[in-house]
Amino acid sequence: MKRKQENDMEIVWQSPANTPERHDYVFRNGVRYVRPYYFEFICHVKNRWAGKPIVDLFAEEFKGRPYDYYVSAVKSGRIQVDGELVPISYIVQPSQKISHFLHRHEPPVNAWEVSILQKESDVLTVRKPASVPVHPCGQYRKNTVVGILQAEHGLAPLFPIHRLDRLVSGLLILARSASKADLFRRQIEAGMVHKQYVAKVIGVFPEDEQVVNVNVNHNAREGRSTAEVESVRNGGTSPKGKAACTKFRRISTDGTHSIVLCEPITGRTHQIRVHLLYAGHPIANDMLYLSETVSDRSNKGLSADRAAAKSAHEGCCDLSEETSKEDFTIDPMCTNCPNLAPKGYDGHEEGLWLHCARYTGPDWSYECPYPDWALLD
């Protein structure tokens, strides 16, 4: 930790080396918040950034804060280059280290427990709640499965051996050593691991097994994938994306929805979601891929994929003045204070009706109970 005196107040700056602790969290109305904290973000100047004034660089690359904030941050020393204060007209050079000392507000997540399913000497399996990221990424650091397990159970280090999207729930396998994680990854890459998910989809899914063998093309900028098929017109064109295959089998149906067992043979981004959409039975609450046919919904019914973007234009949640004063120190330069959550996040997200149920390897098998939504009347 770094300590700095600023405006007659001693600030303790955290870094990635500082581990999450139980008292870092605040729970309100079924939502888990992280008490805002001071944090040093570090990056190095990319070649395409070189030659730009430092304030212009931040305003163009990190648009979450207004231009005036970055001017003040440089003047006050909250943005430094190679550990030194610089003027607002400073021109950055390649590979320089830039530190941004920030009052960090993490997005909230649903307050469901990260429950431990199985604890072995070299493997830990947990039930991941929907809306909680697996590991630190983007704006999330403490509000992650890895962070929560470290804070509430003292479990570290942990190495997730497979991906689960933030809005997906279910089985998460974590190795407790780098060597064990490497063994799992080799088995997955060799195709030795059988994966099973359950999904709640629209309509009556066919009774017979369905196999979707269609390329998946992921657009990182838009945050969504598409199924790409070969065109037979004009002599045919090669499909974009990567080869992907998923097997589907209906478990049950009530005539309106179906519960479907999904077995991805490959592991492409949003593969199950896109292949179900391609099959004509999209996940029933997957608003990212239902957006073309569903409109005029409030944030309450939206998945986080669209709710976060929508909320970003409408401001942030309003917490009581009492909550703000008691739970954390308000920073005079922070553009998110006095709220617990950053702008654009209110914490009320509906988990995707997609759940990781079982992973099976050559000599091991781990599973997770089905969620309530998978039990049709």
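Below or above, wherever it landed, is the structure these notes cover.

With that settled, consider the overall build of the protein chain. Check the secondary structure of the protein chain and you find eight helices and 20 strands. Across the 377 residues of the protein chain, 47% fall into the buried class. Contacts spanning at least 24 positions in sequence make up 66% of the contacts within the protein chain whose residues lie at least 6 apart. With the model as given, the accessible surface of the protein chain reaches about 18900 Å², and the carbon-plus-sulfur share is 47%.

What follows is about the side chain of N143. For N143, the position within the fold is in the loop between β10 (123–128) and α3 (145–153). Polar contacts involving the side chain of N143 include one to the main-chain carbonyl oxygen of P107, which spans 3.0 Å. In this view, N143 contacts Y25, R32, Y33, V34, E106, P107, P108, V109, V132 and P133; residues no more than four positions away in its chain are not counted.

The next point concerns unusual backbone geometry. The peptide bond linking A156 to P157 adopts the cis configuration, its omega dihedral lying at -5°. Along the chain, P157 turns up in the loop between α3 and β11 (159–160). Here the amide bond leading from C337 into P338 is cis, since omega sits at 10°, within 30 degrees of zero. Tracing the backbone through its elements, the reader meets P338 in the loop between α8 (321–327) and β19 (354–360). The phi dihedral of N29 falls on the positive side, at around 50°, and the residue is not glycine. Relative to the assigned elements, N29 resides in the loop between β3 (25–28) and β4 (31–34). Of note, the phi angle at D82 is positive, near 50°, even though the residue is not glycine. With respect to the helices and strands, D82 occurs in the loop between β6 (79–81) and β7 (97–104). Among the residues examined, D82 registers a relative accessible area of 45% and is labelled partly exposed.

Attention now goes to the nonpolar core. I173 and L276 are the most contacted members of the largest nonpolar core, which totals 58 residues. What I173 contacts, discounting residues up to four positions off in sequence, is V123, L124, T125, F159, P160, I161, H162, F184, Y359, W364 and Y366.

If you trace the three strands from one edge of the open sheet to the other, you get β5-β7-β6, paired in antiparallel fashion. Both outer strands of the open sheet, β5 (37–44) and β6, are each paired with one neighbouring strand and no more. Averaged over all adjacent pairs, the angle separating strand axes in this sheet is 20°, with direction ignored. In this structure, β6 lies alongside β7, joined through three bridges in antiparallel fashion. Counterpart to V81 in the pairing with β7 is I98. Where helix α2 (residues 67–76) meets the sheet, it contacts β6 and β7, and its direction lies at approximately 110° from that of β7.

Rules and cut-offs
- Residues numbered from 1 in each chain as written.
- Predicted model: local features only at pLDDT ≥ 70, side-chain atom pairs only at ≥ 80, totals over all residues.
- Heavy atoms only, no water.
- Helix = DSSP H or I, 4+ residues; strand = E, 2+ residues; numbered from the N terminus.
- Buried < 20%, exposed > 50% of the residue type's maximum accessible area, 1.4 Å probe, protein only.
- Contact = heavy atoms within 4.5 Å.
- Areas by Shrake-Rupley, 256 points an atom, 1.4 Å probe, with all protein chains shown as cover.
- Polar contact = N/O pair within 3.5 Å; in protein donor to acceptor, adjacent residues only side chain to side chain.
- Core = buried A, V, L, I, M, F, W, Y, C linked by side-chain atoms within 4.5 Å.
- Pairing = 2+ DSSP bridges.
- Axes fitted to C-alpha atoms, helices over the stretch in contact; angles between N-to-C directions.

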